[in-house]
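Chain by chain, the residues run as shown.
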Amino acid sequence: MVFWKNWSFNIKFSLIAFFITAILGLVSMGALGGLLYYPVSFLFGSYPTLNDWSGDWVWPSVIMVGMLWSFGFVFGAVAWYYIQKITQSKVMLIAAYLLILWLWAALLWCWMIKVNLDQLT
């Protein structure tokens, strides 16, 4: 446990958040993935809304997005490490971290929609 004490708060937070959201993505049975769709839904305005989707692909996709989103915390921790070398502004670091989480959710949903586009329309 010596290595745990040497890590920064950001790394500790990101690892804990990674494991919690990965488990929550599965245990919530798609609720996390569904909630992640709404902040990025305006990007997909030309497609039917989440409530209009149907088929065997919807539930596994929503669960998968919720579980894969947990990797956004790891990406955020890496970005924090490198951005911290440029600036010490906590506001800038937190904004970059949150932006990465949002962009990762948008990228996951974009990928999920593109993969299942033929079943969506």
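Look above for the structure.
From a predicted model like this one, the values you see are computed outputs, not experimental measurements.

K.L.:
Whenever I open this one, a nonpolar patch on the surface confuses me. Can you help?
P.N.:
On the surface, a nonpolar cluster with roughly 380 Å² of combined accessible area is contributed by Ile-23, Leu-26, Val-27 and Met-67. In this fold, Val-27 is placed in helix α2 (residues 9-27).

K.L.:
Please explain the packing of helix α4 (residues 58-68) against helix α6 (residues 90-115) as it appears in this structure.
P.N.:
What describes two packed helices is the angle between their axes and the distance between those same axes. Contact pair α4 / α6: the axes reach a minimum separation of 10 Å and the direction vectors enclose 150°. With respect to each other, α4 and α6 are oriented roughly antiparallel. For the pair α4 and α6, the crossing hand works out as right-handed. For the pair α4 and α6, contact is made by Ser-61, Val-62, Met-64, Val-65 and Leu-68 and by Trp-104, Leu-108, Trp-109, Trp-111 and Met-112, respectively. In the contact of α4 with α6, the residues fall into 9 nonpolar, 1 polar and no charged.

K.L.:
What is the right way to read the environment of Tyr-81 from this model?
P.N.:
Here Tyr-81 is to be found in helix α5 (residues 71-84). By relative accessible area, Tyr-81 is classed as partly exposed at 44%. The spatial distance from the C-alpha of Tyr-81 to the C-alpha of Gly-66 is 25 Å, given a sequence separation of 15 residues.

K.L.:
Mind showing me how you'd approach the packing of helix α3 (residues 31-40) against α6 here?
P.N.:
One way to put it is that α3 packs onto α6 with a least axis distance of 9 Å and a crossing angle of 100°. Between α3 and α6, the interaxial angle falls into the category roughly perpendicular. Contact residues: α3 offers Gly-33, Leu-36, Tyr-37, Pro-39 and Val-40, while α6 offers Trp-102, Ala-105, Ala-106, Trp-109 and Ile-113. A per-class count over the contact of α3 with α6 returns 9 nonpolar, 1 polar and no charged.

K.L.:
Help me out: how do you make sense of the nonpolar core in this one?
P.N.:
Generally speaking, soluble globular proteins have nonpolar side chains that are buried together. With 25 residues, the main nonpolar core has Leu-36, Tyr-37, Trp-53, Trp-69 and Trp-109 as its most contacted residues. If you list the elements that add at least two residues to this core, you get α3, α4, α5 and α6. With 10 residues, the single largest contributor to this core is α6. Those residues in contact with Trp-69, other than ones at most four positions away along the chain, are Thr-21, Leu-32, Leu-36, Leu-101, Trp-104, Ala-105 and Leu-108.

What counts, and where the lines are drawn
- Residues numbered from 1 in each chain as written.
- Predicted model: local features only at pLDDT ≥ 70, side-chain atom pairs only at ≥ 80, totals over all residues.
- Heavy atoms only, no water.
- Patch = residues over 30% accessible without salt bridge, like charges linked within 9 Å, V, L, I, M, F, W, Y side chains within 5 Å.
- Areas by Shrake-Rupley, 256 points an atom, 1.4 Å probe, with all protein chains shown as cover.
- Salt bridge = Lys/Arg side-chain N within 4 Å of Asp/Glu carboxyl O.
- Helix = DSSP H or I, 4+ residues; strand = E, 2+ residues; numbered from the N terminus.
- Axes fitted to C-alpha atoms, helices over the stretch in contact; angles between N-to-C directions.
- Parallel < 35°, antiparallel > 145°, perpendicular 65-115°, else oblique.
- Left-handed = near helix turned anticlockwise from the far one by under 90°.
- Contact = heavy atoms within 4.5 Å.
- Nonpolar A, V, L, I, M, F, W, Y, C, P; charged D, E, K, R; others polar.
- Buried < 20%, exposed > 50% of the residue type's maximum accessible area, 1.4 Å probe, protein only.
- Core = buried A, V, L, I, M, F, W, Y, C linked by side-chain atoms within 4.5 Å.

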